[in-house]
Amino acid sequence: NAGVMQNPRHLVRRRGQEARLRCSPMKGHSHVYWYRQLPEEGLKFMVYLQKENIIDESGMPKERFSAEFPKEGPSILRIQQVVRGDSAAYFCASSPETGAPSRNEQFFGPGTRLTVL
Amino acid sequence: TQLLEQSPQFLSIQEGENLTVYCNSSSVFSSLQWYRQEPGEGPVLLVTVVTGGEVKKLKRLTFQFGDARKDSSLHITAAQPGDTGLYLCAGGRSNYQLIWGAGTKLIIKP
């Protein structure tokens, strides 16, 4: 079974450009989460999406950042007009729709490392 | 604000030694997960505990969930260089929310 897939693995952008990060969840998973991680630090929650719906975007900056999870295709995290402070590793995780909700298990992709020059 | 305090933040020990990593909170969690992350990769789920007092073993790793479901520990016996990595705990709240610890960077020296 394929795990969570993210692409690109590495992305370099100049200040002011747009960054698009893609995430394909595990087969059968309809819940997607995006996290940001700085070097030597833990994970910071950004947004939680189900198919075609944003459930919780409390961790995502109000400006320049957006996320979607369309009915067909991968989830996209978009960062417009990137700045150097956006440089980080961005991880996507997925979880199944069914199963014991109390377990809260999330399965992570390999991440996209964004570097803003 | 719900916090999950993880300690120690950094641990460097010799191969063969034992160690324990702790996650503590004042909040009750429905579940507690432990993940290991290696450089350049995403976190990998090691274990999920859901019952107060639950103990799970994964080879040389022993995971315990506190009786009140507010804290957890990870004990590694006879650590090996392959155990090196960032260990993250995460407490489950509601249907999807995870509260994350800041991580413990573990280095096992041969």
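Residues numbered from 1 in each chain as written. Chains lettered and ligands numbered in written order. Predicted model: local features only at pLDDT ≥ 70, side-chain atom pairs only at ≥ 80, totals over all residues. Heavy atoms only, no water.

*Asks:* Is there a simple way to think about the overall build of chain A in this case?
*Replies:* Across its full length, chain A carries zero helices and eleven strands. Starting at the N terminus and walking to the C terminus, you meet the elements of chain A as β-β-β-β-β-β-β-β-β-β-β. Relative to the globule expectation of 13 Å for 117 residues, the C-alpha radius of gyration of chain A, 14 Å, shows essentially globular dimensions. Each of the 117 residues in chain A was classed as buried or not, and the buried ones make up 43%. Between the centroid of the 17 positive side chains of chain A and the centroid of its 12 negative side chains there is a distance of 7 Å. (Helix = DSSP H or I, 4+ residues; strand = E, 2+ residues; numbered from the N terminus. Rg over C-alpha atoms; globule rule 2.2 N^0.38 Å. Buried < 20%, exposed > 50% of the residue type's maximum accessible area, 1.4 Å probe, protein only. Lys, Arg positive; Asp, Glu negative; His and termini not counted. Charge placed at Lys NZ, Arg CZ, Asp CG, Glu CD.)

*Asks:* So what exactly am I meant to see when it comes to the sheet that holds strand S3 (residues 19-24) of chain B here?
*Replies:* In any sheet, the strands associate via hydrogen bonds between backbone groups, in a parallel or an antiparallel arrangement. Residues and elements named next belong to chain B. Taken in spatial order, the five strands of this open sheet run S1-S3-S8-S7-S6, and their pairing is antiparallel. Only two strands of the sheet have a single neighbouring strand rather than two, namely strand S1 (5-7) and strand S6 (55-58). On average, each strand axis in the sheet is tilted by 15 degrees relative to the strand beside it, whichever way the strands run. As paired elements, S1 and S3 share three bridges and run antiparallel to each other. (Pairing = 2+ DSSP bridges. Axes fitted to C-alpha atoms, helices over the stretch in contact; angles between N-to-C directions.)

*Asks:* Got a minute to help me understand the environment of A:Glu63 in this structure?
*Replies:* Note on placement: A:Glu63 falls in the loop between strand S6 (53-56) and strand S7 (65-68). In this structure, the C-alpha to C-alpha distance between A:Glu63 and A:Met5, residues 58 residues apart in sequence, is 26 Å.

*Asks:* When you look at the pairing of strand S8 (residues 71-76) of chain B in this model, what are you seeing that I'm missing?
*Replies:* Put simply, side chains in a regular strand alternate between the two faces of the sheet. Residues and elements named next belong to chain B. For S3 and S8, the ladder comprises six bridges, and the chain directions are antiparallel. Note that in S8 the partner of Tyr22 across the bridge is Ser73. Judged from the five bridges that link them, strand S7 (residues 61-65) and S8 form a sheet pairing that is antiparallel. Residue pairing across strands places Leu61 opposite Ile76, the latter belonging to S8. Linking S7 to S8, which pair antiparallel, is a turn of five residues; within it Arg69 sits at a positive phi near 60 degrees.

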